[in-house]
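Coordinates in review
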Amino acid sequence: MNREPHLTPLDLDFVRRQFPSFSDPEAGPWAFFENAGGSYVPQAVVDRMSRYLSTMRVQHGAEYDLSRRATQAVTAAADLMAEWVNARPDEIVIGPSATQLTYVLAQAMRGWFGPGDEIIVTNQDHECNVGAWRRLAAASGATIREWRIDPETGELELPALQALLNGKTRLVCFTHCSNIVGTINDIPAIARMVHEAGALIFVDGVAYAPHRALDMKALDVDFYVFSLYKTYGPHQALLYGRHELLAKAENQNHDFIAGSVPYHLAPGGKNQPDVAALAGIADYLDAVHAHHFPASENSFQKRSAAVFDLFARQEEALAARLLDYLTARKDIRVIGQRTADPARRAPTISFTVAGKSSLEVTRGLLPHKIAARNGNFYAPRCVEALGLDREDGVVRVSMVHYNTADEVDRLIRALDGAS
């Protein structure tokens, strides 16, 4: 095997052996294309969770050795997540979901806004990054302005944002990659525009993070949130915020925790077994790195970036295979870009079929043991703006690196029969 990073192919047999679902008699036969709703987890995550629950389920902060071990397991895992995204440990908050973290932060920022201030949201986003800010505006007297997608392409255009920005703009909230459209938005370019206008940005990276390496400093974001249970971990999420902004946010925890960054934004504390299990994500990525590359980088972030480059090229091949089929069909409308270029779109591909409801199409896949869904995927504003039924929505096929070409071919054969 060639070990140059830009030439190394992803060893799918090795990758799939790391995931117990693929050898399970019930889950294994299914081609799983529901990854945007939550990914499979590698055995390393299961092992970390089991080890914590079996041997370290004790209170933190005590002086006995078992408590120290439990505290260290959770702290070390959280620190790894911070390193993964190139952030300081006190710049991340871990919680049960991106939605909850966003609502908690919005409540903590309530005092920053008042009448005359403007908050920009999009109609492309998952409701996680819309509802919290609309409620904040209603409570504070601020005004909501909407950055709207092109109804034909589903994409956000920078000139439309520029027209909305003004001296009253305080916050711009948008997605790194839509969970419906799949197009990757240019975060650094948008950040420059917004910061030049004197405003802050909040980015929803839930649909992007499973596919590409993250670097908070390179993106130049003020806040960023994504779901760890969609990046091969347990049901947790991560919120990044620049330290000075998190420190400024109003305490949402017990009064005596005020001023303790970032714990004041984690009411109730961490789900300790889940957070400890997050270290299994790092175990998995490091195992993939060690299998593919002869030398070990001294930084987990750099190792994971090399691995995600492998993932991106595998996903590009899968997306190209499916897009070639879909775009050749005259009766299928593909949402978003028709290219599989990993710099431009994620392998989350939504479409509709003329003369068929999206529900009919996904039901037709079930006899073939193909797991896909239809609906609005908590982005009803995006679906409606595309001129589609709010509830029936789109057929969504969401792939990640562990999917195979054979699975895509199975899907294509099934679509021929189902649609």
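Residues numbered from 1 in each chain as written. Predicted model: local features only at pLDDT ≥ 70, side-chain atom pairs only at ≥ 80, totals over all residues. Heavy atoms only, no water.

Going by an unreviewed UniProt entry, the protein chain carries the name Cysteine desulfurase and comes from Oceanibaculum indicum P24.

**Topic: the pattern of salt bridges**
To be explicit about the condition: Think of a salt bridge as a Lys or Arg side-chain nitrogen and an Asp or Glu carboxyl oxygen that are within 4 Å of each other. When a residue's accessible area, from a 1.4 Å probe over protein chains only, is under 20% of the maximum for its type it is buried; when over 50% it is exposed; and in between it is partly exposed. Segments assigned H or I by DSSP are reported as helices when at least four residues long, segments assigned E as strands when at least two residues long, and all are numbered from the N terminus.
Overall, the coordinates contain 21 salt bridges when judged by the stated rule. For Arg88, the salt bridge identified is with Asp90, shortest N-O distance 2.8 Å. Accessibility expressed as a relative area gives 40% for Arg88, which makes it partly exposed. When the shortest N-O distance is used, the salt bridge between Asp222 and Arg242 registers 2.7 Å. With a gap of 20 residues between them, Asp222 in the loop between helix 8 (216–219) and strand 7 (223–227) and Arg242 in the loop between strand 8 (237–241) and helix 9 (243–248) connect regions that are remote in the sequence. For Arg242, a relative accessible area of 26% gives the class partly exposed. Salt bridges sharing common partners tie together Arg134, Glu146 and Arg148.

**Here's the deal with the nonpolar core**
What counts here: Take the buried residues of types Ala, Val, Leu, Ile, Met, Phe, Trp, Tyr and Cys, join any two whose side-chain atoms come within 4.5 Å, and each joined set is a nonpolar core. Either an automatic procedure or a domain database provided the assignment from which the domain bounds are taken. Two residues form a contact once any of their heavy atoms are found within 4.5 Å.
Of all hydrophobic cores here, the largest spans 86 residues; its most connected members are Trp84, Ile180 and Tyr224. Considering each element in turn, this core owes the most residues, seven residues, to helix 3 (residues 65–84). Domain assignment of the residues forming this core places at least three in each of domain 1 (12–41 + 301–418) and domain 2 (48–280). The residues contacting Tyr224, other than those within four sequence positions of it, are His176, Val203, Gly205, Tyr208, Leu214, Met216, Leu219, Leu238, Leu239 and Tyr240. Counting 32 residues, the second largest nonpolar core, distinct from the first, contains Trp112, Cys128, Ala142 and Val206.

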